[in-house]
Amino acid sequence: MITRRAALAGAAIVAASGGARAQAFPSKPPRFAIPFPAGGIVDVVGRSIGEKMAALLGQQVIADNRPGASGVLAADIVKNSPPDGYTVLLGNISSHAVNPHTLKITYDPFGDFIPVAGVGAQPNLLCANVDFPHDTIPKLVAAAKKDPGKIHYGSSGTSTSPSLSMALFKQKAGVDMTLAAYKGAAPPSTDAIAGHIPLVISNFDSLRGHAQQGKLKAVAVTGAKRSPTLPDVPTFAEAGYPEVVVDAWAMLFVPKGTPADVVAKMHIAMNAALDDKDLNERFAQMGVAPMKMKPEELTPYIQAEHKRWGEVIRAAGIKVE
């Protein structure tokens with residue numbers, strides 16, 4: 001069913017494109033390069049927005065999973081594609097704010113892409129083994145200061161959003177805790193549940209179920225406010241660390257040189273999709289907040305994130321791989 005809002009968005013899309021190109025784009029299905037495997041939350045988010053945008057654009061949106069090197073592979077594919085709007089990167093905090101500081105990338109996060117629209121943002125969640133006594137941020141800080149380096153926490157990699165959230169927290173709290181870096185989000189969760197490590201931090205959706213089922217104790221969330229799905233879990237900001245507000249965000253990007261009218265058409269379609277009730281319900285189930293932004297807000301946001309995480313990475317001594 002096409003709602004009145006969707007119909008108005010469709011009219012705006014046509015007006016934004018103008019002239020002959022309004023009918024030319026899209027004349028075939030656009031392809032979303034998704035930098036993570038099928039089945040994960042980034043994939044689900046990408047396919048969900050693609051479905052809603054397809055109804056507004058009048059063309060199927062193809063999900064093209066291109067995992068590898070923390071999003072570098074997908075970014076390179078889009079960078080080297082024709083600038084016509086048909087190859088779109090589902091970029092994120094890794095591809096544009098973290099990778100430039102930690103990897104030898106072959107793309108310029110600002111010079112090679114045009115940001116099209118915000119998509120969504122998800123906080124990270126810190127959880128503890130059910131028998132771990134230091135299960136609040138004040139207790140954890142006190143314990144870490146008493147025994148520097150003795151408390152271990154699990155996370156995926158050293159420069160992922162969850163790991164960097166803890167690096168930021170340690171810097172602001174002035175504590176020394178030891179990262180146990182895993183390949184992927186599932187293994188540290190399993191080890192925390194089993195008691196092999198006392199703490200684990202991951203994207204909200206990865207740990208929410210374990211917390212709801214009582215397999216882990218939720219300690220704090222990195223969002224600016226509490227999650228409605230775990231309303232009793234405080235934020236790091238509430239615990240006295242207002243700088244530790246972290247979201248794993250996603251945006252759409254196209255190659256530099258893509259015509260402005262094509263970018264505008266896709267921007268309008270994405271923002272209209274973010275108004276969709278069904279999409280918002282799907283996002284809420286995953287702990288994802290719609291990231292509806294104006295065109296002029298996109299680049300400054302990415303630049304601020306790029307600067308912020310560069311500072312955290314350098315302070316943590318994380319080296320370029």
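These figures come from a predicted structure and were not determined experimentally. (Residues numbered from 1 in each chain as written. Predicted model: local features only at pLDDT ≥ 70, side-chain atom pairs only at ≥ 80, totals over all residues. Heavy atoms only, no water.)

Attention now moves to the side chain of Ser94. Mapped onto the elements of the fold, Ser94 is located in helix H5 (residues 93–102). Overall, the relative accessible area of 13% leaves Ser94 in the buried class. Setting aside anything within four residues of it in sequence, one finds Ser94 in contact with Ser70, Asn99 and Pro100. (Helix = DSSP H or I, 4+ residues; strand = E, 2+ residues; numbered from the N terminus. Buried < 20%, exposed > 50% of the residue type's maximum accessible area, 1.4 Å probe, protein only. Contact = heavy atoms within 4.5 Å.)

Inspection of the entire model under this criterion finds 14 salt bridges. Across the pair Lys79 and Asp112 runs a salt bridge, and its minimum N-O distance is 4.0 Å. Note that Lys79 is positioned in helix H4 (residues 72–79) and Asp112 in the loop between H5 and strand E4 (113–129), a separation of 33 residues in sequence. (Salt bridge = Lys/Arg side-chain N within 4 Å of Asp/Glu carboxyl O.)

Take helix H12 (residues 295–316) next. Its 22 residues place the ends of H12 33 Å apart at the C-alpha level, agreeing with the 32 Å of an ideal helix rising 1.5 Å per residue. Along H12, the residues classified as buried are Leu298, Ile302, Glu305, Trp309, Gly310, Val312 and Ile313. Looking straight down H12, one finds its buried side chains confined to an arc of 165 degrees; they lie on one side. Among the exposed residues of H12, those pointing more than 90 degrees away from its buried face are Glu296, Lys307, Arg314 and Ala315. One or two residues past the end of H12 sits Gly317, with phi positive at roughly 75 degrees. (Expected span 1.5 Å × (residues − 1). Arc of directions from axis to C-beta.)

Buried residues dominate E4, accounting for 16 of its 17 residues. Note that E4 and strand E9 (residues 247–255) share 9 bridges and pair antiparallel. Bridge pairing links Pro115 to Phe253 in E9. The pairing of E4 with strand E10 (residues 289–290) spans 2 bridges and is antiparallel. (Pairing = 2+ DSSP bridges.)

The next point concerns the nonpolar core. Across soluble globular proteins, you tend to see nonpolar side chains buried next to one another. Ranked by size, the top nonpolar core spans 51 residues in total, and within it Leu126, Ile137, Phe169, Met177, Leu199 and Trp309 carry the most contacts. Among the elements that line this core, the one with the most residues is helix H7 (residues 161–173), at 6 residues. Leaving out residues up to four positions away in the same chain, Phe169 has contacts with Ile137, Leu140, Val141, Met177, Phe236, Tyr241 and Val244. Counting residues in each nonpolar core, the second largest holds 32 residues, with Ala117, Val119, Met266 and Met270 among its members. (Core = buried A, V, L, I, M, F, W, Y, C linked by side-chain atoms within 4.5 Å.)

What follows is about the layout of surface pockets. A probe matching the size of a water molecule, rolled over the atoms, marks out where space remains unfilled. Roughly 950 Å³ of internal volume is contained in the largest pocket. Lining the largest pocket we find 41 residues, and of these Phe36, Val42, Ser94, Thr160 and Asn203 sit closest to its centre. At the level of elements, helix H3 (41–57), strand E3 (87–92), H5, E4, H7, strand E7 (199–203), helix H9 (204–212) and E9 are the ones that each hand at least two residues to the lining of the largest pocket. (1 Å grid on protein atoms, 1.4 Å probe; cavity = no way out; pocket = protein on both sides within 12 Å on 5 of 7 lines; lining within 4 Å. Points joined across faces, edges and corners; volume = space filled by probe spheres on them.)

This part takes up the environment of Leu140. Within the secondary structure, Leu140 is located in helix H6 (residues 137–146). Taking the relative accessible area as the measure of exposure, Leu140 reaches 0% and is therefore buried. In the structure, Leu140 is positioned 79 residues away from Val219 in sequence and 9.5 Å away in space, judged by C-alpha atoms.

At a minimum axis separation of 9 Å, H3 and helix H10 (residues 260–273) run at an interaxial angle of 120 degrees. On the basis of the axis angle, H3 is oblique to H10. Crossing handedness for the pair H3 and H10: right-handed. Facing Ile49, Lys52, Met53, Leu56 and Leu57 of H3, the residues of H10 in contact are Lys265, Met266, Ala269, Met270, Ala272 and Ala273. Here the residues of the contact of H3 with H10 are counted per class, giving 9 nonpolar, no polar and 2 charged. (Axes fitted to C-alpha atoms, helices over the stretch in contact; angles between N-to-C directions. Parallel < 35°, antiparallel > 145°, perpendicular 65-115°, else oblique. Left-handed = near helix turned anticlockwise from the far one by under 90°. Nonpolar A, V, L, I, M, F, W, Y, C, P; charged D, E, K, R; others polar.)

Counting through the fold element by element, Lys52 comes out in helix H3. Separated by 3.3 Å, the side chains of Lys52 and Asp276 make a polar contact. Excluding its chain neighbours within four sequence positions, the residues that come into contact with Lys52 are Ala273, Asp276, Asp278, Leu279 and Arg282. (Polar contact = N/O pair within 3.5 Å; in protein donor to acceptor, adjacent residues only side chain to side chain.)

Right, let's talk about helix H11 (residues 277–286) for a bit. Taken together, the buried positions of H11 are Leu279, Phe283 and Met286. Take H11 and look down its axis: the buried residues cluster within an arc of 60 degrees, on one side only. Turned more than 90 degrees off the buried face of H11, the exposed positions are Lys277 and Gln285. On its buried face, H11 sits against H3, E4, H9, H10 and E10. Count one or two residues on from H11 and you reach Gly287, which has phi positive near 75 degrees.

By themselves these figures say nothing about function.
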